[in-house]
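Remarks on the overall topology
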Amino acid sequence: MPSTEAAAGELQDRAALWSTGEIPAADVVSAACDALVAGLDSPGLRVLAACTRAEADYDVHDLLPAALDELGLVFHPATSEAGQEAAARALARRMLAGELKPWELTFRINQRYGHELPLTARLAALDDEYAFLEFGGDSAAARIDAEVTAEARRLAAVHPRVPR
């Protein structure tokens, strides 16, 4: 069973990823269920966790901000820089957890934000470097992977505020 801190962080990450279209609403509901099991509790979290997969696409939009607020977590609008940064940090944590390969992280970042988001500009540049790998061989790929991993660690180091 995850700690309440880990469950809160995962819920906030999934909220950020959902708001930017990276994951479906049902994944947010699953995170709400996991948060309840881990010991977090609030009226809004219970209502969010009770959503069915069919209801999630319609109800998460309205339920999620209040549930996060009750837990002392923040929901950033997807179009805000803070929302984009939260999603990028969540993607970085997913890569470090082995859910994404380094090139997948850079590809998603570059596709979604290009070089415009200052926080992720280096990852976008590394995605550009992956495009030239056919000329650099395996050692070039390993170097880029290592740089992406270091950049992901930098991004992931900032955690969302979680309740005590």
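The sections below set out a description of the structure shown in this document.

Here is what the cut-offs are and how they apply
- Residues numbered from 1 in each chain as written.
- Predicted model: local features only at pLDDT ≥ 70, side-chain atom pairs only at ≥ 80, totals over all residues.
- Heavy atoms only, no water.
- Helix = DSSP H or I, 4+ residues; strand = E, 2+ residues; numbered from the N terminus.
- Rg over C-alpha atoms; globule rule 2.2 N^0.38 Å.
- Buried < 20%, exposed > 50% of the residue type's maximum accessible area, 1.4 Å probe, protein only.
- Contact = heavy atoms within 4.5 Å.
- Salt bridge = Lys/Arg side-chain N within 4 Å of Asp/Glu carboxyl O.
- Core = buried A, V, L, I, M, F, W, Y, C linked by side-chain atoms within 4.5 Å.
- Expected span 1.5 Å × (residues − 1).
- Bend = angle between axes of the 7 residues up to and from the residue.

1. Describing the overall build of the protein chain
In terms of regular secondary structure, the protein chain is built from 8 helices and 0 strands. Each helix and strand of the protein chain, ordered N terminal to C terminal, gives the series α-α-α-α-α-α-α-α. Scaling as 2.2 N^0.38, a compact globule of 164 residues should have a C-alpha radius of gyration of about 15 Å, and the protein chain matches this with 17 Å. If you line up the protein chain on its principal axes, its C-alpha atoms span 55 × 30 × 25 Å. In the protein chain, which comprises 164 residues, the share counted as buried stands at 46%. Here the analysis covers contacts within the protein chain between residues at least 6 apart in sequence; of these, 60% occur between residues at least 24 apart.

2. Focus on the pattern of salt bridges
Taken as a whole, this structure holds 12 salt bridges when the rule is applied. We note a salt bridge from Glu99 to Arg94, for which the minimum N-O separation is 3.4 Å. A salt bridge links Glu147 to Arg122, with the shortest nitrogen-to-oxygen separation between them at 2.4 Å. In this pair, Glu147 is assigned in helix 8 (residues 137-156) and Arg122 in helix 7 (residues 121-130), connecting sequence segments 25 residues apart. Among the ionic contacts, a cluster of salt bridges with common partners joins Glu10, Arg14, Arg94 and Glu99.

3. Some remarks on the nonpolar core
Counting residues in each nonpolar core, the largest one holds 50 residues, and the members touching the most others are Leu11, Val28, Leu48, Val60, Leu64, Leu105 and Val148. Counting residues per element, the ones that place at least two in this core are helix 1 (4-19), helix 2 (25-38), helix 3 (43-49), helix 4 (53-70), helix 5 (81-96), helix 6 (102-113), helix 7 and helix 8. Look past the residues within four positions of Leu11 in its chain and what remains in contact with it is Val28, Ala31, Ala32, Leu45, Leu68, Leu71 and Leu73.

4. Section: helix 5
End to end, helix 5 covers 22 Å across 16 residues, agreeing with the expected 22 Å (1.5 Å per residue, within 8%). When we look at burial in helix 5, the residues that qualify are Gly83, Ala86, Ala87, Ala88, Arg89, Ala90, Leu91, Ala92, Arg93, Arg94 and Met95.

5. Considerations on helix 4
Roughly 70° is the biggest bend found in helix 4, and it falls at Asp59. Residues of helix 4 that are buried include every one of Ala56, Val60, Leu64, Ala67 and Leu68, and no others. Buried residues along helix 4 sit against helix 1, helix 2 and helix 3.

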